[in-house]
Amino acid sequence: MDKLIITCAISGAEVTKEHNPYVPYTIEETAEQAYEAYQAGASIIHLHVRNDDGTPTQDKNRYQEAISAILKKCPDVIIQPSTGGAVGMSRDERLQPTELNIEMATLDCGTLNFGGDDIFINTENDIKYFAKIMHEKEISPELECFEKGHIDSVLRLYNKGFIYAPLHFSFVLGVNGGMTGEARDFHFLKDSIPSDSTFSVAGMGRYEFSLAELSIAHGGHVRVGLEDNIYLSKGVLAKGNGELVKKVVEIAKTYQREIATPKEAREILNIKEKKNEKIM
Ligand code: KMH
Ligand code: ZN
């Protein structure tokens, strides 16, 4: 098995300090949370940015500030900005971080209900448009799939030449409106992707660590972080992202999975390294 790539989703767009006071809003908090995750073993930081009051933004300048601050503390880490942003944002608003010199970004592969009246819209044309921009800019997409139909869409678009190899999937399970994160869901999705593709699993809430363990045991990679889950264990709030990453490292030890460095993660995922000192 490959070494284990741990992605940490440190901030998200929906979770707030009322849920967990360690959710980062300011640039300093964002860099500190990324650093804790990196020190604990994360090689990829999945990044949303916030204004200082906590409201989500996809502003390019805010991303640039956050990325520069993170890279000062973790010079070799892979930064994976979100192009999902928050529900209701336009596609050009969401795509702003792709104007920076980044190595990776999320590509959301289908529409889904997102709780209450919210709908997270990713039409087929959106997916083609986002994929084209990332391909032109040599940004590796992380193919976020919230249910099986999204995987089918990826494979269809891949066969038609709108999405390009290498395919790196992220199964994001347990979202209110998406697929649940039971073991049967994991196996169904894992068995639905081409054998030469890679995958990572992000379990929301109570699914975070059960899915992490399944993925570790079956050769996949793992995403954890306050975006997805605010608890270290039932009823115990995590004291930051570092604790969540450390817990995954402990699980990985029991399966003899070594943890990938950022350099090794780039090799495993075929990511083109970009010198990040100048990200604009
Ligand atoms: N905040 C969600 C609406 C992504 O990062 O690409 C979208 C999301 C997915 O979190
Ligand atoms: Zn996200």
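Source: prediction; values computed, not measured.

A. Representation of helix H8 (residues 241-254) within the structure. Between its first and last C-alpha atoms H8 spans 21 Å; for 14 residues at 1.5 Å apiece the expected length is 20 Å, and the two agree. Taken as a whole, H8 has its buried residues at Asn241, Gly242, Leu244, Val245, Val248, Val249, Ile251 and Ala252. Considering only its buried residues, H8 is in contact with strand E1 (6-9), helix H1 (27-40), helix H7 (208-217), strand E12 (221-224) and strand E13 (231-233). Phi for glutamine 256, located one or two positions after H8, is positive at around 55 degrees.

B. Main features of the layout of surface pockets. Approximately 590 Å³ is the volume found for the largest pocket. For the largest pocket, the lining is made up of 31 residues, of which Glu14, Phe114, Val175, Met204 and Glu227 are closest to its centre. In terms of residue class, the lining of the largest pocket is built from 13 nonpolar, eleven polar and seven charged. Approximately 290 Å³ is the volume attributed to the second largest pocket. Listed by contribution, the elements that provide at least two residues to the lining of the second largest pocket are helix H4 (124-136) and strand E9 (140-145). Counting residues per element, the lining of the second largest pocket draws most heavily on H4, which supplies three residues. Grouping the amino acids of the lining of the second largest pocket by side-chain chemistry returns eleven nonpolar, four polar and two charged.

C. Main features of the coordination of the zinc ion (ligand 2). Protein coordination at the zinc ion (ligand 2) comes from His46 (NE2), His48 (NE2) and Glu227 (OE), with a distance range of 2.1 to 2.2 Å. The motif formed by the donor residues of the zinc ion (ligand 2), counted along the single chain, is H-x1-H-x178-E. Taken together, the positions of histidine 48 in the loop between strand E2 (44-47) and strand E3 (49-50) and glutamate 227 in the loop between E12 and E13 put the pair 179 residues apart, joining distant regions of the chain. Exposure class is identical for histidine 48 and glutamate 227. Each is buried.

D. Main features of the site of ligand 1. Every one of the 14 residues lining ligand 1 counts as a neighbour, but Glu14, Ser82, Gly85, Thr106 and Asp108 are closest to it. Within the side chain of histidine 48, a nitrogen or oxygen atom sits 3.1 Å from an oxygen atom of ligand 1. Side-chain polar atom of aspartate 108 to an oxygen atom of ligand 1: 2.7 Å apart, as the coordinates give it. If ligand 1 stood free it would expose 300 Å²; the protein chains cover 98% of that surface. The site holding ligand 1 turns out to be the largest pocket.

E. Expanded view of the pairing of strand E5 (residues 78-81). Residue alternation in E5 divides its side chains into two sets, Ile78 and Gln80 and Ile79 and Pro81, and both sets are buried. In terms of strand pairing, E2 meets E5 through four bridges, oriented parallel. Note on E5: the bridge partner recorded for isoleucine 45 is isoleucine 79.

F. Expanded view of the sheet that holds E1. Ordered by their spatial adjacency, eight strands build an open sheet running E5-E2-E1-E12-E11-E10-E9-E6, and the pairing between neighbours is parallel. Each of the sheet's edge strands pairs with one partner strand only, and the pair in question is E5 and strand E6 (104-108). The sheet shows a mean angle of 25 degrees between the axes of neighbouring strands, taken without regard to direction. This element, helix H6 (residues 183-190), spans strand E10 (168-173) and strand E11 (198-203) of the sheet and lies at about 160 degrees to E10. Here H7 sits on the sheet and contacts E10, E11 and E12; the angle it forms with E12, its principal contact strand, is near 165 degrees.

Parameters at a glance
- Residues numbered from 1 in each chain as written.
- Chains lettered and ligands numbered in written order.
- Predicted model: local features only at pLDDT ≥ 70, side-chain atom pairs only at ≥ 80, totals over all residues.
- Heavy atoms only, no water.
- Helix = DSSP H or I, 4+ residues; strand = E, 2+ residues; numbered from the N terminus.
- Expected span 1.5 Å × (residues − 1).
- Buried < 20%, exposed > 50% of the residue type's maximum accessible area, 1.4 Å probe, protein only.
- Contact = heavy atoms within 4.5 Å.
- 1 Å grid on protein atoms, 1.4 Å probe; cavity = no way out; pocket = protein on both sides within 12 Å on 5 of 7 lines; lining within 4 Å.
- Points joined across faces, edges and corners; volume = space filled by probe spheres on them.
- Nonpolar A, V, L, I, M, F, W, Y, C, P; charged D, E, K, R; others polar.
- Donors = N, O, S within 2.8 Å, 3.2 Å for Na, K, Ca; no water.
- Near = heavy atom within 4 Å.
- Polar contact = N/O pair within 3.5 Å; in protein donor to acceptor, adjacent residues only side chain to side chain.
- Areas by Shrake-Rupley, 256 points an atom, 1.4 Å probe, with all protein chains shown as cover.
- Sits in = over half its atoms within 2 Å of the grid points.
- Pairing = 2+ DSSP bridges.
- Axes fitted to C-alpha atoms, helices over the stretch in contact; angles between N-to-C directions.

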